[in-house]
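Topology and contacts: notes
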Amino acid sequence: MPTDRVIVVGAGIGGLTTALRLAARGVQVHLIERADQPGGKMRQNLVANRPIDAGPTVFTMRWVFDELFETIGASLDAHLSLHPVEIIARHAWSADERLDLFADAQRGVEAIGDFAGAAEARRFAAFQVQARQVYTTLEDSFIRAERPSLFGLMTHRGLRGLGDLRLIQPYDSLWQALGKAFRDPRLRQLFARYSTYCGSSPFEAPATLMLIAHVEQQGVWLVEGGMHRLAQVLAERLQALGGRIDYDTEVAEILCRHGRVQGVRLASGEHIEAEAVAVNADPGALAAGLFGAEARRAMPAQPAAKRSLSAITWSLVAETHGFPLVRHNVFFGRDYAREFDDIFNAGRTPREGTVYVCAQDRDDKASAPDGGERLLCLLNAPARGDRHPFDHAEIEQCEHRVFALLERCGLQVRRQPEQTLVTTPATFEQRFPGTGGALYGQATHGWRASFNRPATRTPIQGLYLTGGATHPGAGVPMAALSGRLAAMAILADLAST
């Protein structure tokens with residue numbers, strides 16, 4: 001039987017970055033992916049013979065990837081074409097209420113002043129300062145830390161710890177913090193959307209998520225070729241470093257003996273030995289026994305009630321009229337509280353939910369190509385894909401509500417069934433078993449949730465976790481940072497044996 005020092009299960013961003021960092025240190029790495037391409041949730045759908053990014057669509061915190069490429073002796077710019085945006089996102093509440101959030105902080109202040117008045121512009125400037133302070137407080141003590149805790153955050157910052165604790169408002173929800181920051185309910189709604197970046201409700205997620213405002217001010221980029229190109233480049237670099245990648249290959253069981261990893265068994269029946277295994281999958285898959293009974297002991301049961309958001313998406317090629325789309329667009333429903341009550345408490349698709357539209361042929365100039373443009377439309381939904389079918393009738397009702405909201409905000413989309421691909425929580429459950437379709441692991445609800453996210457090391461020696469469902473959290477750069485933590489832990493443990 002072939003022996004690999006380290007097996008990485010799953011070629012999402014966490015798995016790719018874990019494997020890359022290990023290969024750069026001379027470790028034999030074997031990456032095994034059940035799909036036919038890298039990326040995990042960072043995938044593309046082919047609609048009308050045109051590729052459409054159907055997973056993450058926003059590239060931020062580029063320093064994470066600059067650092068990664070430096071680690072492997074390469075340059076990010078040499079392998080990926082990135083273009084900074086001026087407009088982070090265009091937001092609409094109706095045909096007459098529209099607000100652009102700009103990468104340039106002063107332009108953002110001016111835009112909010114024009115939209116909501118001078119007092120709100122001043123509050124937004126203060127909010128930006130607070131968001132930067134929260135990010136600065138948490139970057140080393142939480143985001144980069146292997147196993148953070150509230151006590152560790154305080155001791156890391158020394159005598160400033162208690163002041164920092166008051167600053168980040170850990171016991172407030174994001175919605176409560178935004179109620180203090182803004183008077184205009186539309187601005188609270190806009191910035192409350194940051195909670196959905198980790199699949200959570202702003203009414204239960206911690207106020208610390210305001211740091212995303214600072215992350216966006218650091219820069220948002222468009223990836224030439226689409227976000228999936230990032231996954232392709234990482235896979236190419238891994239192979240260039242001698243790493244092995246097997247696609248269309250499923251790991252049926254993680255083999256353990258006496259509390260220690262021995263390797264994996266493939267669905268084909270082949271056994272592959274390894275000194276360590278890093279799993280780039282939702283921890284819920286381990287807890288559900290999808291990697292075998294022994295590996296199941298690595299994770300406690302994952303309650304379905306604590307799952308993060310799922311989504312219903314429409315990938316389509318269509319002609320659009322009216323609303324001047326840019327790359328990232330957000331259309332808000334009229335009752336934000338009801339939207340999240342529908343999803344998290346009633347367990348149903350929202351009666352009028354926020355709709356995100358990524359216009360993938362657009363840039364800041366809002367120009368569209370002839371012959372229809374590529375769109376990804378996304379509606380948040382409950383992660384019930386393992387016990388609810390999301391049948392055709394329900395999807396039709398959702399589609400009617402979604403495109404009615406867009407029309408109310410001035411956007412007409414002329415769509416055709418043969419040029420539309422719908423994805424539901426049930427589809428996501430099929431692609432990512434053990435999740436119910438949850439896209440971000442467990443929801444970040446309550447102040448403890450961020451500190452309770454699964455860590456890199458598991459109770460089984462030689463078994464590690466990586467990916468957006470583990471610490472430090474969801475999102476492309478966070479998943480890459482989880483890969484960094486996993487690689488560091490594996491290297492340290494290999495060196496000690």
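A few points on the structure.

Reading the values: rules and limits
Residues numbered from 1 in each chain as written. Predicted model: local features only at pLDDT ≥ 70, side-chain atom pairs only at ≥ 80, totals over all residues. Heavy atoms only, no water. Helix = DSSP H or I, 4+ residues; strand = E, 2+ residues; numbered from the N terminus. Rg over C-alpha atoms; globule rule 2.2 N^0.38 Å. Buried < 20%, exposed > 50% of the residue type's maximum accessible area, 1.4 Å probe, protein only. Contact = heavy atoms within 4.5 Å. Areas by Shrake-Rupley, 256 points an atom, 1.4 Å probe, with all protein chains shown as cover. Lys, Arg positive; Asp, Glu negative; His and termini not counted. Charge placed at Lys NZ, Arg CZ, Asp CG, Glu CD. 1 Å grid on protein atoms, 1.4 Å probe; cavity = no way out; pocket = protein on both sides within 12 Å on 5 of 7 lines; lining within 4 Å. Points joined across faces, edges and corners; volume = space filled by probe spheres on them. Nonpolar A, V, L, I, M, F, W, Y, C, P; charged D, E, K, R; others polar. Core = buried A, V, L, I, M, F, W, Y, C linked by side-chain atoms within 4.5 Å. Axes fitted to C-alpha atoms, helices over the stretch in contact; angles between N-to-C directions. Parallel < 35°, antiparallel > 145°, perpendicular 65-115°, else oblique. Left-handed = near helix turned anticlockwise from the far one by under 90°. Salt bridge = Lys/Arg side-chain N within 4 Å of Asp/Glu carboxyl O. Phe/Tyr/Trp six-rings, centres within 6.5 Å; stacked < 30°, edge-to-face > 60°. Lys NZ or Arg CZ within 6 Å of the ring centre and 35° of its normal. Polar contact = N/O pair within 3.5 Å; in protein donor to acceptor, adjacent residues only side chain to side chain. Pairing = 2+ DSSP bridges.

A few words now on the overall build of the protein chain. In terms of helices and strands, the protein chain carries 17 helices and 20 strands. In terms of overall dimensions, the protein chain is globule-like: its C-alpha atoms have a radius of gyration of 22 Å, near the 23 Å expected for 497 residues. Along the first, second and third principal axes, the C-alpha set of the protein chain runs to 65 × 60 × 45 Å. The buried share of the protein chain, reckoned over its 497 residues, is 58%. Expressed as a percentage of contacts within the protein chain between residues at least 6 apart in sequence, the contacts between residues at least 24 apart total 71%. As displayed, the protein chain has an accessible area near 19,700 Å², and 48% of this comes from carbon and sulfur atoms. The protein chain carries 53 positive and 55 negative side-chain charges, and their two centres are separated by 5 Å.

This next bit is on the layout of surface pockets. Taken as a whole, the second largest pocket holds about 490 Å³ of empty space. For the second largest pocket, the lining is made up of 24 residues, of which Gln302, Lys306, Gln442, Ala443 and Asn452 are closest to its centre. Taken together, the residues that form the lining of the second largest pocket break down as 13 nonpolar, 6 polar and 5 charged.

A word on the nonpolar core. By size, the foremost hydrophobic cluster in this structure holds 106 residues, and its most contacted members are Ile13, Phe65, Phe127, Phe191 and Leu230. Ranked by the residues each element gives to this core, the list is headed by helix α17 (residues 476-496), at 10 residues. Other than its neighbours up to four places away in sequence, isoleucine 13 contacts Gly39, Met42, Phe65, Leu230, Leu234, Asn280, Val476, Ala479 and Ala480. Ranked by size, the runner-up nonpolar core spans 25 residues in total, among them Ile312, Ala318, Leu405 and Val413.

On to the packing of helix α4 (residues 105-116) against helix α9 (residues 185-192), then. As a packed pair, α4 and α9 sit with axes 11 Å apart at the nearest point and diverge in direction by 140°. Relative to α9, the element α4 is oriented oblique. Along the contact surface, α4 presents Ile112, Phe115 and Ala116, while α9 presents Arg186, Leu187 and Phe191.

What follows deals with the packing of helix α2 (residues 62-71) against helix α11 (residues 228-240). It is at 12 Å that the axes of α2 and α11 come closest, and there the two elements cross at 15°. In this view, α2 runs roughly parallel relative to α11, as classed from their interaxial angle. Judged by the sense of rotation from one axis to the other, the crossing of α2 with α11 is left-handed. Here Phe65, Leu68 and Phe69 of α2 come into contact with α11, specifically with Leu230, Val233, Leu234 and Arg237. Among the residues forming the contact of α2 with α11, the class breakdown is 6 nonpolar, no polar and 1 charged.

For α9, a buried count of 6 out of 8 residues is recorded, marking the element as mostly surrounded by other parts of the structure. Among all positions of α9, only Arg186, Leu187, Gln189, Leu190, Phe191 and Ala192 are buried.

With that settled, consider the pattern of salt bridges. Note on pairing: side chains with opposite charge can pair once their charged atoms come close. Tallied over the entire structure, the rule returns 26 salt bridges. A salt bridge links glutamate 294 to arginine 297; the shortest N-O distance between them is 2.7 Å. A salt bridge links aspartate 493 to arginine 457; its shortest N-O distance comes to 3.0 Å. One end of the pair, aspartate 493, is in helix α17; the other, arginine 457, is in the loop between α16 (425-431) and β20 (463-465), and 36 residues separate them in sequence. Residues joined in a network through salt bridges with shared partners are Arg21, Glu67 and Arg484.

What follows is about the packing of aromatic side chains. Under the criterion given, the structure shown has 17 aromatic pairs. Aromatic side chains phenylalanine 59 and phenylalanine 65 sit 5.4 Å apart centroid to centroid with 35° between the ring planes, which places their arrangement in the tilted category. Taken individually, phenylalanine 59 and phenylalanine 65 each receive the classification buried, so the pair is uniform in this respect. Through pairs of rings, three or more aromatic residues link up here, namely Trp93, Phe115, Trp175, Phe203, Phe332, Tyr336 and Phe340. Here the basic side chain of lysine 41 rests over the ring of phenylalanine 432, its NZ or CZ set 4.6 Å away from the ring centre. A cation over an aromatic ring shows up here: arginine 415 above the ring of phenylalanine 403, its NZ or CZ 3.9 Å from the ring centre.

With respect to the helices, strands and loops of the structure, threonine 354 is situated in the loop between α14 (336-345) and β16 (355-359). Among the polar contacts made by the side chain of threonine 354, one reaches the side chain of glutamate 339 at a distance of 3.0 Å. Once you skip the residues sitting within four places of it in the chain, threonine 354 turns out to touch Arg193, Val330, Phe331, Phe332, Gly333, Tyr336, Glu339, Leu378, Leu379 and Asn380.

Residue placement: leucine 411 occurs in strand β18 (residues 411-414). Residues leucine 411 and leucine 266, spaced 145 residues apart in sequence, show a C-alpha to C-alpha distance of 48 Å.

This part takes up the sheet that holds strand β5 (residues 59-60). Pairing in this open sheet of 3 strands is antiparallel, and the strands run β5-β9-β6 from one edge to the other. Two strands close off the open sheet at either side, each with one partner strand: β5 and β6 (82-84). As defined by bridge partners, β5 adjoins strand β9 (residues 220-223) across 2 bridges and the pair is classed as antiparallel. Counted as the bridge partner of phenylalanine 59 is tryptophan 221 from β9.

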